[in-house]
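A structural walkthrough
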Amino acid sequence: MDSTEITVIGEGAVAAAPDVMRLHAGVEVRRRSAAEAFAEVRAAAARLAEALRGAGIADEDLRTTELSLGPEYDAYPQVSAYRAAQGVEAVVRDLARADQVIDVVAGVGEQARLNGVAFEVSDPAAALRQARDRAFADAAAKAAQYAELAGRGLGGVVSVSEQIEQGPQPLRVVAAMEDTRSVSPGRQTLTVVVRVGYRFR
């Protein structure tokens, strides 16, 4: 690095409330024949998709994530059953309906599977802008301090690069006596790390 320059790392974090939930669900069956297992899982998947549409999920917010069929063995090569599964990701854009959508999946029957949820901020632009402001201010403060410690004056910016990080997306289970909801999106932390190069005066 040029001795006339200084490079510092600044960090800015903003907590934002997620407004979208991705529900990972599906159906699974085990039957004696492959044809029977596949036919039943396809029928169950159709019921699941129809139920999700009935709960207000748009077609463009439904995505197949798995389609599998295979044998299970008691002792190889003796086949005990055939397992068929079909998974779906449903994007829930109204979090007030999240519990209703989960209940709809459970109501499909014994074939239904719930594989987890993930929360996200659909439009993080405003939060990231605020995080950038904080990251750049942090970098500027560090650069000014180092310049003072070095007995140098601080000049203009000569380089900037950034890295964006998303913090954990917690899933909290709330007791029924405290809240009628079973899931809560919590808060998601958006962090900007910026590397800024300054010229010494």
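Attention here is on the structure that accompanies the text. (Residues numbered from 1 in each chain as written. Predicted model: local features only at pLDDT ≥ 70, side-chain atom pairs only at ≥ 80, totals over all residues. Heavy atoms only, no water.)

On to the overall build of the chain. Helix and strand counts for the chain come out as three helices and seven strands. Reading the secondary structure of the chain in the N-to-C direction produces β-β-α-β-β-α-β-α-β-β. Compactness check: the chain gives a C-alpha radius of gyration of 26 Å against a globular reference of 17 Å for 201 residues, more than 25% above the reference. Seen along its three principal axes, the alpha-carbon backbone of the chain occupies a region of about 80 × 45 × 30 Å. Relative to all contacts within the chain whose residues are 6 or more apart in sequence, the contacts with residues 24 or more apart total 79%. Carbon and sulfur atoms make up 50% of the accessible area of the chain, which totals about 11500 Å². Of the charged side chains in the chain, 23 are positive and 28 negative; the average position of the first set lies 3 Å away from that of the second. (Helix = DSSP H or I, 4+ residues; strand = E, 2+ residues; numbered from the N terminus. Rg over C-alpha atoms; globule rule 2.2 N^0.38 Å. Contact = heavy atoms within 4.5 Å. Areas by Shrake-Rupley, 256 points an atom, 1.4 Å probe, with all protein chains shown as cover. Lys, Arg positive; Asp, Glu negative; His and termini not counted. Charge placed at Lys NZ, Arg CZ, Asp CG, Glu CD.)

For helix H3 (residues 125-149), spanning 25 residues, the distance from its first C-alpha to its last is 36 Å, which sits close to the expected 36 Å at 1.5 Å a residue. For H3, every residue scored as buried is listed here: Ala127, Leu128, Ala131, Ala135, Ala139, Ala143 and Ala147. (Expected span 1.5 Å × (residues − 1). Buried < 20%, exposed > 50% of the residue type's maximum accessible area, 1.4 Å probe, protein only.)

A few words on helix H1 (residues 34-54). Here H1 is 21 residues long and its end C-alpha atoms lie 30 Å apart, about the 30 Å a rise of 1.5 Å per residue gives. Those residues of H1 not exposed but buried are Ala37, Val41, Ala44, Ala45, Leu48, Ala49 and Leu52. The arc that holds every buried residue of H1, seen down its axis, measures 145°, which confines them to one face. Exposed residues pointing more than 90 degrees away from the buried face of H1 are listed as Ala35, Glu50 and Gly54. Residues of H1 that are buried sit in contact with strand E2 (20-31), strand E3 (62-75), strand E4 (78-92) and helix H2 (98-106). Where H1 ends, the next residue or the one after it, Gly56, has phi of about 100°, a positive value. (Arc of directions from axis to C-beta.)

We now examine a nonpolar patch on the surface. Together, Phe38, Leu67 and Leu69 make up a nonpolar patch on the protein surface, roughly 260 Å² of accessible area in all. Looking at the secondary structure, you find Leu67 in strand E3. When its relative accessible area of 47% is taken as the criterion, Leu67 is described as partly exposed. (Patch = residues over 30% accessible without salt bridge, like charges linked within 9 Å, V, L, I, M, F, W, Y side chains within 5 Å. Salt bridge = Lys/Arg side-chain N within 4 Å of Asp/Glu carboxyl O.)

With respect to the helices, strands and loops of the structure, Thr64 is situated in strand E3. C-alpha of Thr64 to C-alpha of Gly10: the two residues are 54 residues apart in sequence and 41 Å apart in space. Every residue in contact with Thr64, bar those within four places of it in the chain, is listed here: Gln86, Gly87 and Val88.

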